[in-house]
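Overview (structure and organization)
Here are the chains, one letter per residue:
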Amino acid sequence: MYEENFFEVMECLRALKDEFSGIAIEKDIISDIVAIIHYPRVWLAPEGMLGSNHLLTEEQNKHLLAWTDIIESCFMFLLEDDVEDAFIDYEDYLNGTYF
């Protein structure tokens, strides 16, 4: 579990923000972002590979789910062409005020 990967995903979303305001968005972009949001939740579920094997601590679970929620929120705001609000949770995380 590497926080740097979370930062990279968020910076990719920032770099792609103009892509989301267009009429059409590449299917691969949407598919990749949805996978980034979907899989951690499946893996952390009690029957998932991380949940059932207890491979992460509660603190790690908390952070992974928070990162997933932040990515999802940002993605949804970008789809609504609301760049102003898209990165609020991320900025809160960076400033230590998210939790």
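Residues numbered from 1 in each chain as written. Predicted model: local features only at pLDDT ≥ 70, side-chain atom pairs only at ≥ 80, totals over all residues. Heavy atoms only, no water.

Close contact between helix α2 (residues 27–44) and helix α4 (residues 58–79) brings their axes to 10 Å; oriented N to C, the two are set at 150°. In this view, α2 runs roughly antiparallel relative to α4, as classed from their interaxial angle. Read as a crossing pair, α2 and α4 show a hand that is left-handed. Packed against α2, whose contacting residues are Ile-30, Ile-33, Val-34, Ile-36, Ile-37, Pro-40, Arg-41 and Leu-44, the element α4 presents Asn-61, Leu-64, Leu-65, Thr-68, Asp-69, Ile-71, Glu-72, Phe-75 and Leu-79 at the interface. (Axes fitted to C-alpha atoms, helices over the stretch in contact; angles between N-to-C directions. Helix = DSSP H or I, 4+ residues; strand = E, 2+ residues; numbered from the N terminus. Parallel < 35°, antiparallel > 145°, perpendicular 65-115°, else oblique. Left-handed = near helix turned anticlockwise from the far one by under 90°. Contact = heavy atoms within 4.5 Å.)

The next thing to look at is the layout of surface pockets. Roughly 320 Å³ of volume is contained in the largest pocket. Lining the largest pocket are 16 residues, and of these Asn-5, Ile-36, Pro-40, Leu-64 and Trp-67 sit closest to its centre. Taken together, the elements giving at least two residues each to the lining of the largest pocket come down to α1 (3–15), α2 and α4. At five residues, α2 tops the list of elements feeding residues into the lining of the largest pocket. Class assignment for the residues of the lining of the largest pocket results in 14 nonpolar, two polar and no charged. (1 Å grid on protein atoms, 1.4 Å probe; cavity = no way out; pocket = protein on both sides within 12 Å on 5 of 7 lines; lining within 4 Å. Points joined across faces, edges and corners; volume = space filled by probe spheres on them. Nonpolar A, V, L, I, M, F, W, Y, C, P; charged D, E, K, R; others polar.)

Closest axis-to-axis distance for the α1/α4 pair is 11 Å, and the angle between their directions is 0°. Our classification of the angle between α1 and α4 gives roughly parallel. Touching Glu-3, Phe-6, Val-9, Met-10 and Leu-13 of α1 are Trp-67, Ile-70, Ile-71, Cys-74 and Leu-78, all from α4. Within the contact of α1 with α4, the residues separate by chemical class into nine nonpolar, no polar and one charged.

Time to look at the packing of aromatic side chains. Following the criterion strictly, the structure yields nine aromatic pairs and no others. Ring centres of Tyr-93 and Phe-99 lie 6.3 Å apart, and the angle between their planes is 70°; on these two criteria the pair is classed as edge-to-face. A relative accessible area of 10% means that Tyr-93 is categorised as buried. Of the aromatic side chains, those joined through ring pairs into one cluster are Phe-6, Phe-7, Trp-67, Tyr-90, Tyr-93, Tyr-98 and Phe-99. Just above the ring of Phe-99 sits the side chain of Lys-62; from NZ or CZ to the centre is 4.4 Å. (Phe/Tyr/Trp six-rings, centres within 6.5 Å; stacked < 30°, edge-to-face > 60°. Buried < 20%, exposed > 50% of the residue type's maximum accessible area, 1.4 Å probe, protein only. Lys NZ or Arg CZ within 6 Å of the ring centre and 35° of its normal.)

Taken by themselves, the reported measurements are silent on function.
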